[in-house]
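Examination of the molecular architecture
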Amino acid sequence: MAATLSPPLVSAPPQSSPPTPETLPSNNHRYRYRYRSENQTRYTVDYTNPTILPLIERCSSTSQAKQIHAQMLRRRIFFDSSYYASRLFTLYALSDFSPSLDYARKVFDQMPEPNVYSWNTLIRAYASSSEPLQSFLVFLDMIQDCPDSPNKFTFPFLIKAASELAAKRVGMAVHGMAVKGSLDCDVFVLNALIHFYASCGDLVEGCKVFSKMPERDVVSWNSMINALAQEGGSSEKVFRVFEGMLGEGVEPNDVTMVGVFSACAKIRNLRYGRWFHSIVVKNGIEKSLILNNAMLDMYTKCECLCEAKRVFENMGKKDIVSWTTMLSGYAKMGEFDAARIVFNAMPRQDIAAWNALISAYEQNGHAKEALALFHELQVSKYAKPDEITLVSSLSACAQLGAAESGSWIHVYMKKHGVKLNCHLMTSLIDMYAKGGYLDKALEVFQSAEKKDVYVWSAMIAAFAMHGRGNDAINIFKRMQEAKIKPNAVTFTNVLCACSHAGLVEEGRFYFNQMLPKYGVVQQVKHYSCMVDILGRSGLLEEAIELIENMPLVPGASVWGALLGSCRTYGTIGQAEHAFAHLIEMEPRNHGAYVLMSNIYAKFGMWDGVSRLRKLMKEFGIKKEPGCSSIEVDDTVHEFLVGDNSHSQCREIYLKLYEIAERLKSNGYVPNKSQLLQDIEEENVKEQALYSHSEKIAIAFGLIKTAPSTPLRIMKNLRVCGDCHTVGKLISKLYDREIILRDRYRFHYFKEGQCSCMDYW
DNA sequence: ATAGGGTTAG
């Protein structure tokens, strides 16, 4: 039948060619009335028109629609029957072959008297368009021009528009109008309201609507389940609501199951996940594409890749989400070979696929691979970096301390006109700070127009890691002036700043104010910061008291902080106590063994040292090798302790030798105390001192960069006492600033001094 | 005389 439309079944005269938006009057409803006044003569129209309706019903393309449209204009049906006009208009507004919503709008504006149905349809079309605000403008016109009142169909669309806009007050007003129009018993209206309140973040109100409903259908339950599933930390509630649904005998459908799987995925609950999977099978629920994807997501998040692979392979239809989910499943597990195979097998590699790989590399500590991929992406023609790519890549630079590469990305952003959102701002600040460019971090921070709590917190962290405690606290104060509410992250950074700068009073002050003044509950990490602050300044008793009285289970980080301060101030008993707790929680924490053995060595308890060493060997625990890196000419050079694999190894060691001689002739005596734990022969110790990775990196930097260029070195472990002394001396004797980032903070060596004032 | 709502990744 559709084929008979072309050529037109009614031979249309040439002047009645289909209208185009250009030839139509503009979007102004005054035209509607003009049409009427110009056409006083009414034609008799057969409202049971036998030809038009079947044509509209079978219409499946724009050109067919336009032919029907032309006929209706010519035969005046369009003007004389608001019913037929509305049927035609729906084709333009909602069908998937609609040329555009603008076009539909122009057709709408031609209708002399659009009926309620047409008004609703237009509101509906805008609600799910890119301009949901238009729904409300149309609604105002409707109240003005439409003789009939808005009905039960109008409200769900309006509420949907309010959800899209996350316009809470507007939606509440619509809710009020629905109540006034006695439409608040319509299940569609109420379901829309649940969804609306949830999308504005007001689950309480959503629950209220839900619980007051006289009757609930499957969509009501789904709206509730999905609202809770999207809210963080409500997974348990999702399961309870689901059980409530089964209890009331409502059959779950595929949308229900998407919600519950997403809740499982969020909290990685495989047990529930498998149970839901069995329900899908038992109830014969249609395994729609989205449902399959949600199951896939659940299994990958629960690290159950075999199961995920089975789902994936049994899927009839796969889309890009399916592929990306599978890909990031492998990547997050560190199975990068498998991830790459999926990546290459995908029908097309969109930016999400690249992001999945890049961020997995970055999150698993393979920052170099992440950056390499980012560079590969830039030469690819098929995908363009987006904000997520940039955030991951900047984080990779931050990890590496590769500020040169990072600032290159910053330039790229400026060149491509990427607008700085808060995520990007935070990443940039973090990258510059961790790369040793505190001033650049501050520059970005100051240029920010809008700063959210993370941007502020990142700047506090930046000052903290550079040992600038008071500046960090100042930022914290300014943040409050700007009326930004600090969160748990903010306080971690503030306390960390106090710890690095030895600000005991301030630390105590802010720690105690967290809950009463700011309503932020102290977490284990805040306690460990506090223990660190107290312990570092020798207040060990107070630190221990704090641990004993804390309302949470002291985590490994708390005991680690205590053990750390025992090295300087503690008794052997306190240290052993902390160590015992620490390895009970983290038996494979190599740092703990090294620290404890350092403490034994300090007390000259060599039997303790060898006992620990035996233990480590027995459990196969290896000391993490020291590794330092330096960025020269956009390339990150990495050196392991005692490394001799670099192509310029010979020059480096000659330089090291030269440095040693020069330092010694200036009165330097190597400090070997921190090596006692793992090397016994005296001469080897001295050699080891010269082979520490940060020294190798410094030597390399001295060779490869112009005189008086600052050197920026990144180290994976804490800097040892000897390297710290050497750093200070080199800064003076070679007239070089050395900016050394260790595991915890920065050291600025300049003219023989270090910014940490030897407090670290 | 026509009709509507809820969903997956990064």
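Numbering of residues begins from 1 in every chain and follows the order in which that chain's sequence is written. Lettering of chains starts at A and numbering of ligands starts at 1, both following the order in which they are written. The predicted nature of this model means local features are confined to residues of pLDDT at least 70 and side-chain atom pairs, given and counted, to a pLDDT of 80 or more, with totals for whole chains, interfaces and linings taken over all residues. Computation of side-chain values: all heavy atoms of the structure, hydrogens and water removed.

By the naming in an unreviewed UniProt entry, chain A goes by DYW domain-containing protein and is assigned to Stephania cephalantha. UniProt annotates chain A under Sequence similarities (unreviewed entry) with the comment "Belongs to the PPR family. PCMP-H subfamily." UniProt positions are given in the numbering used here, feature names are shortened, and annotations may be inferred rather than shown by experiment.

This paragraph deals with the pattern of salt bridges. For salt bridges, the criterion is a side-chain nitrogen of Lys or Arg within 4 Å of an Asp or Glu carboxyl oxygen. Per the stated rule, a full pass over the model turns up 18 salt bridges. Linking Arg 216 and Glu 248 is a salt bridge whose minimum nitrogen-to-oxygen distance equals 3.8 Å. With a gap of 32 residues between them, Arg 216 in the loop between helix 12 (203-212) and helix 13 (218-230) and Glu 248 in the loop between helix 14 (235-247) and helix 15 (254-267) connect regions that are remote in the sequence. The rule is simple: take the accessible area with a 1.4 Å probe, protein chains only, and divide by the maximum for that residue type; under 20% is buried, over 50% is exposed, in between is partly exposed. The exposure class of Arg 216 is partly exposed, given its relative accessible area of 25%. Arg 508 is paired through a salt bridge with Glu 542; the nearest N and O atoms lie 2.8 Å apart. A residue pair is termed long-range when its members are at least 10 positions apart, and Arg 508 in helix 30 (residues 504-518) and Glu 542 in helix 32 (residues 540-549) qualify at 34 residues. Using a relative accessible area of 23% as the deciding quantity, one classes Arg 508 as partly exposed. In this structure, a network of salt bridges that share partners links the residues Arg 274, Glu 307 and Arg 310. Each helix is a run of H or I in the DSSP string that is no shorter than four residues. Each strand is a run of E no shorter than two, and both are numbered from the N terminus.

Attention now goes to the protein's contact with DNA strand B. Definition of nearness: a residue and a molecule or strand are near each other if at least one heavy atom of the residue lies within 4 Å of the molecule or strand. Around DNA strand B, 38 residues are found, and the nearest of them are Lys 152, Asn 191, Asp 217, Asn 222 and Asn 253. Taking all atoms of DNA strand B within 4 Å of the protein, the share assigned to sugar and phosphate is 33%. Think of a polar contact as two N or O atoms within 3.5 Å of one another; within protein, one of them needs to be a possible hydrogen donor and the other a possible acceptor, and neighboring residues in sequence only count if both atoms come from side chains. Taking Lys 152, its main chain carries an N or O atom lying 2.7 Å from a base nitrogen of DNA strand B. The element contributing the most residues to the surface near DNA strand B is helix 13, with five residues. Its residues assigned to classes, the surface near DNA strand B shows 14 nonpolar, 15 polar and nine charged. Polar here means any residue other than Ala, Val, Leu, Ile, Met, Phe, Trp, Tyr, Cys and Pro, which are nonpolar, and Asp, Glu, Lys and Arg, which are charged; Gly is therefore polar.

Formed by 208 residues in total, the largest nonpolar core has its most connected members in Met 257, Phe 276 and Ile 429. If one sorts the elements of this core by residue count, helix 27 (residues 453-465) sits on top with 10 residues. When sequence neighbours within four positions are dropped, the list of residues in contact with Ile 429 reads Ala 441, Val 444, Phe 445, Val 455, Ala 458, Met 459 and Ala 462. Think of a nonpolar core as a cluster: buried Ala, Val, Leu, Ile, Met, Phe, Trp, Tyr and Cys residues, connected wherever their side-chain atoms sit within 4.5 Å. Ranked by size, the runner-up nonpolar core spans 29 residues in total, among them Phe 700, Leu 711, Ile 730 and Ile 738. Throughout, a residue-residue contact means that at least one pair of heavy atoms, one from each residue, lies within 4.5 Å.

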